[in-house]
Amino acid sequence: MQDLDKYADVIVRVGLNLQAGQRLIIRGDLQTAALIRAVARRAYQSGARLVDVIWGDEQLMLVRAQEAPRNSFDEVPAWLPQAMLGYLEAGDALLSIHAATPTLLAGQNPEVISTMMRANAQASKPVSELVQRNASAWTVVAFPTPGWAAQVCPDLSPDQQMEQLWHAIATACRLDAPDPVVAWQRHVQELDARSAYMNERRYQALVYRGPGTDLTVGLADGHLWAGGGSVSERGQAFVPNLPTDEIFSLPHAQRVEGVLRSSRPLNYGGNLIDDFTLRFAQGRVTDLSASVGEETLRRLVATDEGSARLGEVALVPVSSPVARTGLLFANTLFDENAASHLAFGNGYRFCVEGGSALSDEAFAAAGGNLSIVHVDFMLGSAELDIDGLNADGSIEPVMRSGEWAFAI
């Protein structure tokens, strides 16, 4: 694939900002081997001490769902989260590569899939906690695979599907810029400026209005907006998601009221959830419906006490590079960068003042949500308006028709 080396360079230099002497652990499917090898080569050229890989095979998840004993789906290999935990606790970098076939598990027993997802989330909780507080540098990227490409570009031949999806990924990741690294540096600066604006405004809540949506999302006490780049607890700058066009913060888990309608499908555990509506009262989902995957959605929000509440609020303009491709990726990493979104489940502690030092009780008292899951879903569109609600009850435009309503 053309530009594979450019992609690896952006991942290592921008996404991870890998430092000389640092180790890197990569999680990726066997189908992503070409990218993993390119990243490993670039990482060693940048001074990495060791590049380690946890290989996966999505087809084995399907085989397990079909053939494994019905009472075995809550079992998880203990070594896997322990391996990642060891690297993160040592201050090393983590790269995750998404390449899943969106409909891989379509038609499988929803209870089986829910049990596997819940067991994996529970076993990975120590890792997730380190990632969500930015204990070390981490980045999530994607790579085209035949199953994914067939979902995104169904009307093309298999070769054309892969070519089209790769072109879309390259465009969204700014690999077509004369100097992709410089382009990313400028983009991160813009997102930082928008985050700074929102931090100055200190809105009490955001109010969403659009077709099927009339929602007020309270913001946590002492909330902070972030976007683009992050800084690890060890002082290492990095970009968690490639691509990224969002700024995001911490909603108050108890202060969400109203109804919303999704604008893009959600792929959860290989199952699609589409055209869904959620109703909130006192921060919790009290009712829901979906045209596709309703049972999977119900099991998702019933995962634990916090899975029916929000842990992230994110703003994305509909003119983002991902949105401009005109494609529906059925992959959260990309679709969340085409539209403003929210997330079920655990909140990011670095999105509240002093959050990394807070106990679970103090984080919850500030409005943060605690859960073993964190699942983004999209509600933004060119028909959605978002206002900021001030303490005195006045409102100010934040987004109009899906675009920024303030200049920086």
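Residue numbers here run from 1 along each chain, matching the order of that chain's written sequence. In keeping with the model being predicted, local features are shown solely for residues with a pLDDT of at least 70 and side-chain atom pairs are shown and tallied solely at 80 or more, while totals for entire chains, interfaces and linings include all residues. Side-chain measures were taken over the full set of non-hydrogen atoms in the model, leaving aside hydrogen atoms and water.

The name that an unreviewed UniProt entry assigns to the chain is Aminopeptidase, with the source organism given as Candidatus Chloroploca mongolica.

1. Comments concerning the packing of aromatic side chains
Quick reminder of the rule: Under the pairing criterion, centres of Phe, Tyr and Trp rings, with the six-membered ring standing for Trp, must be within 6.5 Å; the plane angle then separates stacked pairs below 30 degrees from edge-to-face pairs above 60, leaving the rest tilted. Per the convention used, a helix needs a DSSP run of H or I reaching at least four residues, while a strand needs a run of E reaching at least two, with both numbered from the N terminus. Exposure classes here rest on a 1.4 Å probe applied to the protein chains alone. A residue is buried below 20% of its type maximum, exposed above 50%, and partly exposed in between.
Counting across every chain of the model gives 12 aromatic pairs. Relative to Phe350, the ring of Phe248 has its centre 6.1 Å away and its plane inclined at 80°; by these criteria the two rings are edge-to-face. With Phe248 in strand S10 (residues 247-249) and Phe350 in the loop between strand S16 (341-345) and helix H13 (360-365), the pair connects residues that are 102 residues apart, well separated along the chain. For the pair Phe248 and Phe350, a shared accessibility class is recorded, and that class is buried. Seen in terms of ring centroids, Phe329 and Phe334 are 4.8 Å apart; in terms of plane orientation they differ by 25°. Their pairing is stacked.

2. Points about the nonpolar core
Condition: We call a set of buried residues a nonpolar core when its members are Ala, Val, Leu, Ile, Met, Phe, Trp, Tyr or Cys and they connect through side-chain atoms within 4.5 Å of each other. Every residue pair with non-hydrogen atoms within 4.5 Å of one another is taken to be in contact.
Ranked by size, the top nonpolar core spans 65 residues in total, and within it Tyr7, Ile11, Leu24, Leu35, Val39, Leu95 and Phe334 carry the most contacts. The dominant element in this core, judged by the number of residues it contributes, is helix H1 (residues 4-15), at 7 residues. When near neighbours in sequence (up to four residues on either side) are disregarded, Leu95 contacts Ile11, Leu16, Leu24, Ile25, Ile26, Arg27, Val39, Thr139 and Val141. Grouped together as the second largest cluster of nonpolar side chains are 42 residues, Met198, Leu219, Ile372 and Val375 included.

3. Regarding the sheet that holds strand S15 (residues 310-315)
For the record, the criterion: Strand pairing requires that DSSP identify at least two bridges connecting the strands.
Taken together, the 5 strands give an open sheet; going across it, the order is S7-S10-S15-S16-S17, and neighbouring strands pair in antiparallel fashion. Looking at strand neighbours, the two that pair on one side only are strand S7 (226-227) and strand S17 (374-378), the edges of this open sheet. Of the pairings in the sheet, the one linking S10 to S15 comprises 3 bridges and is antiparallel in character. In the sheet register, Ser249 faces S15, and the bridge partner there is Val313.

4. Regarding the pairing of strand S6 (residues 213-219)
Counting buried positions along S6 gives 5 out of 7 residues, so the element sits mostly inside the fold. Of the pairings in the sheet, the one linking strand S5 (residues 205-210) to S6 comprises 6 bridges and is antiparallel in character. In the strand pairing of S6, Tyr208 is matched with Leu215. Hairpin connection, S5 to S6: the antiparallel pair is bridged by 2 residues, and Gly212 has positive phi, about 75°. Two elements, S6 and strand S11 (residues 251-261), share 5 bridges in a ladder whose sense is antiparallel. The partner of Leu215 across the bridge, within S11, is Gly258.

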